[in-house]
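# Fold and geometry: a report
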Amino acid sequence: MWNIPNLLTVFRLCLIPICLACFYADIPYARFFAAFCFWLAAITDMLDGYLARKMQLMTPFGAFLDPVADKLMVAAALVLIAVDMQTLWVTIPAFIMISREILISALREWMAEVGQRGQVAVSEVGKYKTAAQMLALIGLIWQPVGWITDLGLVLLYAATLLTIWSMLTYLRAAWPALTK
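Residues numbered from 1 in each chain as written. Predicted model: local features only at pLDDT ≥ 70, side-chain atom pairs only at ≥ 80, totals over all residues. Heavy atoms only, no water.

## Regarding the overall build of the protein chain
- Each helix and strand counted, the protein chain has 6 helices and 0 strands in total.
- Counting from the amino terminus, the protein chain carries its helices and strands in the arrangement α-α-α-α-α-α.
- A compact globule built from 180 residues should have a C-alpha radius of gyration of about 16 Å, and the protein chain, at 17 Å, falls within 12% of that.
- Counting only C-alpha atoms and orienting by the principal axes, one finds that the protein chain spans roughly 55 × 40 × 20 Å.
- When each of the 180 residues of the protein chain is scored for burial, the buried share is 42%.
- In the protein chain, the proportion of contacts linking residues at least 24 apart, taken out of those at least 6 apart, comes to 76%.
- As displayed, the protein chain offers around 10,100 Å² of accessible surface, 74% of which is attributable to carbon and sulfur atoms.
- Both charge centroids of the protein chain, one from 12 positive and one from 11 negative side chains, sit 9 Å from each other. (Helix = DSSP H or I, 4+ residues; strand = E, 2+ residues; numbered from the N terminus. Rg over C-alpha atoms; globule rule 2.2 N^0.38 Å. Buried < 20%, exposed > 50% of the residue type's maximum accessible area, 1.4 Å probe, protein only. Contact = heavy atoms within 4.5 Å. Areas by Shrake-Rupley, 256 points an atom, 1.4 Å probe, with all protein chains shown as cover. Lys, Arg positive; Asp, Glu negative; His and termini not counted. Charge placed at Lys NZ, Arg CZ, Asp CG, Glu CD.)

Rendered as structure tokens:
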């Protein structure tokens, strides 16, 4: 159970409160440190999955905890920037993304119960959504200069569109099972 990929996942969970504490710390470069923590968490997200597959270290514990860590990390960052920026232009995308994560998690759980989990496996669109989301959140947490914040917002909107697209793709794939 305690292999390198699972330890990286647990480390990612531990980075969430550190990221939040850095963001609110009254120290120079606090936002940079928060963005760095989030970036490090995003890197461990890619690395733990790669190592688990490459080294054949996949475990039931890892299969459970990895998506939980991902969702908690992203939800914490989305709430953080929505509270910080206090604008509907950030709050609505954050709400859409968090809602999609809850909906698709529930859909995957239900599809697994009816023996059709493969119908809602992670798609390419979902991977692009995650990449855009991670880059957007790094920029919006850090906000060092205007253009990075602007780029973060553009990526946030792109991630929101990809979020909606992937949600519709998963729902369409599950529709036959949902309407039996």
